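Observations on the model geometry
Okay, here's what each chain looks like letter by letter:
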Amino acid sequence: MSSSNGDLRRPLDVAVIGAGVLGLATTDALTRRGADVLCFDGRPPGSGQSGGLTRTFRHRHDHEDTVALAVAARQRYRSWEERYGRRLIGDEGAVYAGMGPADVAALARRGVPHHFVSADRHREVFAALGPVDGPLLVDPGAGAIRARRTIAALTEWTRGRVVMADVHCVTDPGDGRGIEIQTHEAIYRARHVVICAGTATPKLASGVGLRIPLHCALHARPHYQVRPEAIGGPLPCWVDRSGANGEMVYGSPIGRTGQYVVGLIGDGVDIALTDEGALPAGRTMDEHVRRVSAYVRRALPGLEPTPVGVRVCVMSKLPAGSDSFGGWHTDGVTASTGHNLFKLAPVLGELLADAAQHNRLPVELERAGERALATSGSPR
Ligand SMILES: Cc1cc2nc3c(=O)[nH]c(=O)nc-3n(C[C@H](O)[C@H](O)[C@H](O)COP(=O)(O)OP(=O)(O)OC[C@H]3O[C@@H](n4cnc5c(N)ncnc54)[C@H](O)[C@@H]3O)c2cc1C
């Protein structure tokens, strides 16, 4: 594959780094547009933050631009479902506590169906929920993303495009012959490189001078058995920002398994590793699980309060916190990362494909990136 002048570098139009939901969605979008694209990852697709069974798809976000992207993403998930022939987002809906009229103004402006129900009707919209203080917001078009199935669909659509190799570094040799990426398998020269390497994105992007202040910390995700009497129908996704039960949490059904996952939200709840890669002295993931289980005991009587399992994941956040994300660009390279990206992946994949094709950052990613660098944001 070396070129005729003896150069061992392999030419390529677009290289995507990372086969998580974002990299796969980008590779799929570029493939459909007829691009010469390869996606690089040293692990099987979906081994990073995109692993596991479930994620919440919801429309409500603090910033209206993100609501608009969620509306577009829901539509694109429907096209993915048609193409794959299977459902990728359930029809469970989402219920939120701690929201007022100001929190739904963007939903109303974007025409997203939603309504409030009074506190005394809480069990009608969330059968596992105990008494609440205030009204509950219902987003009926939300639901639990079948995360593993989505990765399987994308893996099928990008077959033959994924190279099982990590990229050691991304550099611009400045000779006008493209961006160089080094892998154990070969050295490539790409016209454009899209970096979607999750927690490794800042390090790879720094090779071409992009600075992305992504903070990574460990997050425990215990799951609970739903009590049989609460399984009247599917339980909805749950966001409790009220703090009324001592914690702010999210929750999501795990498909039709009869299990429900609950996790803490808010700044500072996840545990950052020390520079040596250890948990800080005196901290354990058990404390996380205990806090979630105490919440479940107080607020969710429809769940057995003893967890049946727990996953520990890396949670990545930009300075503005939850739901923030963005794109960063320099000539020949676009990078994207953030938090809670699974729900937006179909639309972010298209935007990153635009970036690769036109060597320009789409305004949606640029503005989101500017917001993401603000220092405080929403807990979810
Ligand atoms: C516990 C938890 C709960 C979440 N809940 C939600 C939710 O409810 N809703 C939602 O929308 N989102 C949620 N998210 C976030 C969402 O899962 C992530 O934002 C999304 O999966 C990130 O996808 P990604 O493709 O950017 O990164 P990843 O999935 O991490 O993919 C990055 C890939 O890059 C690869 N890689 C790393 N280094 C290199 C290298 N040097 N060379 C090549 N490849 C490399 C990795 O192996 C990995 O496969 C949650 C995340 C977690 C952890």
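Each value, and the rule that gives it
- Residues numbered from 1 in each chain as written.
- Predicted model: local features only at pLDDT ≥ 70, side-chain atom pairs only at ≥ 80, totals over all residues.
- Heavy atoms only, no water.
- Helix = DSSP H or I, 4+ residues; strand = E, 2+ residues; numbered from the N terminus.
- Rg over C-alpha atoms; globule rule 2.2 N^0.38 Å.
- Buried < 20%, exposed > 50% of the residue type's maximum accessible area, 1.4 Å probe, protein only.
- Contact = heavy atoms within 4.5 Å.
- Lys, Arg positive; Asp, Glu negative; His and termini not counted.
- Charge placed at Lys NZ, Arg CZ, Asp CG, Glu CD.
- Domains from an automatic or database assignment.
- Buried area = accessible area lost by both parts, 1.4 Å probe.
- Salt bridge = Lys/Arg side-chain N within 4 Å of Asp/Glu carboxyl O.
- Pairing = 2+ DSSP bridges.
- Axes fitted to C-alpha atoms, helices over the stretch in contact; angles between N-to-C directions.
- Parallel < 35°, antiparallel > 145°, perpendicular 65-115°, else oblique.
- Nonpolar A, V, L, I, M, F, W, Y, C, P; charged D, E, K, R; others polar.
- Expected span 1.5 Å × (residues − 1).

**Some remarks on the overall build of the chain**
- Counting its regular elements, the chain contains 9 helices and 18 strands.
- Its C-alpha atoms give the chain a radius of gyration of 21 Å, within 12% of the compact-globule value 21 Å for 380 residues.
- Overall, the C-alpha framework of the chain stretches about 75 × 50 × 35 Å when taken along its three principal axes.
- Counting every position in the chain, which comprises 380 residues, the buried fraction comes to 55%.
- Contacts in the chain between residues at least 24 apart in sequence constitute 71% of all its contacts with a sequence separation of at least 6.
- Across the chain, the centroid of the 44 positively charged side chains sits 3 Å from that of the 40 negatively charged ones.

**Quick look at the domain arrangement of the chain**
- Parsing the chain into structural domains produces domain 1 (1-89 + 147-213 + 325-380) and domain 2 (94-140 + 215-317).
- Domain 1 and domain 2 are separated by 28 Å when their C-alpha centres are compared.
- Contact with domain 1, which involves 22 residues of that partner, is made by 30 residues of domain 2.
- When the two sides are added together, the surface that domain 1 and domain 2 hide from each other amounts to roughly 2,300 Å², 56% of it contributed by carbon and sulfur.
- In this structure, the salt-bridge partner of Arg109 is Glu64, at a minimum N-O distance of 2.7 Å.

**Comments concerning the sheet that holds strand E15 (residues 259-264)**
- Read across the sheet, 8 strands follow the order E5-E6-E4-E13-E14-E15-E12-E16 without closing on themselves; strand pairing throughout is mixed. Lying at the two open borders of the sheet, with one neighbouring strand each, are strand E5 (115-117) and strand E16 (309-317). Each strand of the sheet is rotated relative to its neighbour by a mean of 25°, with strand direction disregarded.
- Here strand E14 (residues 249-253) pairs with E15 via 5 bridges, running antiparallel. Across the sheet, residue Ser252 finds its bridge partner in E15, namely Val261.

**Brief notes about the packing of helix H2 (residues 64-84) against helix H8 (residues 345-358)**
- Relative to each other, H2 and H8 sit at 95°, their axes nearing to 7 Å. Taken together, the axes of H2 and H8 are roughly perpendicular relative to one another. Residues Leu69, Ala72, Ala73, Arg76, Tyr77 and Trp80 of H2 lie in contact with H8, whose contacting residues are Ala345, Pro346, Val347, Glu350 and Leu351.
- Looking at the contact of H2 with H8 residue by residue, the classes come out as 9 nonpolar, no polar and 2 charged.

**Regarding helix H1 (residues 21-32)**
- Relative to the 16 Å expected for 12 residues at 1.5 Å per residue, H1 spans 16 Å between its end C-alpha atoms, a close match to the ideal helical length.
- The complete set of buried residues in H1 reads Val21, Leu22, Gly23, Leu24, Ala25, Thr26, Thr27, Asp28, Ala29 and Leu30.
- Positive phi appears at Gly34, one or two residues downstream of H1, with a value of about 85°.

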